[in-house]
Amino acid sequence: METKQDFTTLVEDSRTFDVECVRSALEFVNRATAGDAEPAQAFAWAPAICIERVSRAGMFDWAMSDRVKEPKPELSLRIARQFLLTLSYVLPPDQKLIDVAEIRRWLQRPENVTRYSKLPWQLDRCDFLPLEPGKRKPAISVPMMSDVGSCLTYALALLFESDWGLAERVRACRYRGRSGDEPVHYFLDYRTDDAGQLKRGTPLAFCSSEHANRYRQQEWRRRHAAKNRSLGKQVGRRVRR
Ligand SMILES: [Zn+2]
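Residues numbered from 1 in each chain as written. Predicted model: local features only at pLDDT ≥ 70, side-chain atom pairs only at ≥ 80, totals over all residues.

Scanning the protein from N- to C-terminus turns up seven helices and four strands. When its helices and strands are written in sequence order, the protein yields α-α-α-α-α-β-β-α-β-β-α. Looking at the protein as a whole, 25% of its 241 residues qualify as buried. Put simply, of all contacts in the protein between residues at least 6 apart along the chain, 61% involve residues at least 24 apart. (Helix = DSSP H or I, 4+ residues; strand = E, 2+ residues; numbered from the N terminus. Buried ≥ 20, exposed ≤ 12 C-beta atoms within 10 Å, placed from the backbone. Contact = placed C-beta atoms within 7 Å.)

Before going further, it helps to spend a moment on helix 4 (residues 73-90). Along its 18 residues, helix 4 runs 27 Å from first to last C-alpha, staying within 8% of the 26 Å computed at 1.5 Å per residue. Buried within helix 4 we find Ser76, Ile79, Ala80, Arg81, Phe83 and Leu87. Looking at the buried residues of helix 4, the elements they touch are helix 2 (14-33), helix 5 (100-108) and helix 6 (148-161). (Expected span 1.5 Å × (residues − 1).)

Residue alternation in strand 2 (residues 140-143) divides its side chains into two sets, Ile140 and Val142 and Ser141 and Pro143, and both sets are buried. Across four bridges, the pairing between strand 1 (residues 125-128) and strand 2 is antiparallel. By the bridge assignment, Arg125 is partnered in strand 2 with Pro143. (Pairing = 2+ DSSP bridges.)

Let us look at helix 6. Across its 14 residues, helix 6 extends 20 Å between first and last C-alpha, which sits within 8% of the 20 Å expected from 1.5 Å per residue. With ten of 14 residues buried, helix 6 lies mostly within the body of the structure. Taken together, the buried positions of helix 6 are Val148, Gly149, Ser150, Cys151, Leu152, Thr153, Tyr154, Ala155, Leu158 and Leu159. The inward-facing, buried residues of helix 6 contact helix 2, helix 3 (46-56), helix 4, strand 1 and strand 2.

Axes are the key here: two packed helices are described by the angle between their axes and the distance separating the axes. For the pair helix 4 and helix 5, the least separation of the axes is 10 Å and the interaxial angle reads 145 degrees. Viewed along their axes, helix 4 and helix 5 form a crossing whose handedness is left-handed. Within the contact between the two elements, helix 4 uses Arg81, Gln82, Leu84, Leu85 and Ser88 and helix 5 uses Val100, Ile103, Trp106 and Leu107. A per-class count over the contact of helix 4 with helix 5 returns six nonpolar, two polar and one charged. (Axes fitted to C-alpha atoms, helices over the stretch in contact; angles between N-to-C directions. Left-handed = near helix turned anticlockwise from the far one by under 90°. Nonpolar A, V, L, I, M, F, W, Y, C, P; charged D, E, K, R; others polar.)

This part is about the nonpolar core. Ranked by internal contacts, the top residues of the largest apolar core, which has 38 residues, are Val22, Ala25, Phe28, Phe43, Cys151 and Ala155. For this core, the secondary structure elements donating two or more residues are helix 2, helix 3, helix 4, strand 2 and helix 6. Per-element accounting of this core gives the leading share, nine residues, to helix 2. Apart from residues lying up to four places away in sequence, Cys151 is in contact with Ala25, Phe43, Ala46, Val68 and Met145. (Core = buried A, V, L, I, M, F, W, Y, C linked by C-beta atoms within 7 Å.)

Following this line, the structure appears as structure tokens:
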């Protein structure tokens, strides 16, 4: 969020803000899954926007936190996986993006059960009338983004309410790291045209062009190795004869 423009758009435009919240929720999951020490940094941009919204709405008695608290390290992965489990109910049923059975097994393993697992799955949010009166815009939401639980719950609420068609746009990147079987990471395939309409067409298979390239390189190496193996066998057979 480097530019003033971005900040203002995030404050004034509900869709921009909500899309970023869902993106950040997926980024939190990816970071926690990858063992990042500060996964809640995914939401670092959000409190300043909420504080500005509260101030513009004239709710000066609302105390907003200016940072999202990091969960305890041992809790991050559990929170991420519980989020994915809930998310699986929101996604279109034909999309098998989340391995629900595997997550359930993981959550039930004794070593993954936290003794004190108060996950604040509660949505504390206030909706204001549009900040620019006269414009036909939906109400502006101010979720209480003081901890990652409330941030993720807000993202889930957006996905459940199906605002902006977000649930249909969650994807799993096909690139699975160098080894090819690292944990899945997720992204939001949310592209709009100049008129603000959601772009149609083939869903993106990769979170970035960098991952698309690496995946293609891996595929090329796999095919190349397979070809060499079969050539090697043929040569071997000839030699034995
Ligand atoms: Zn990716």
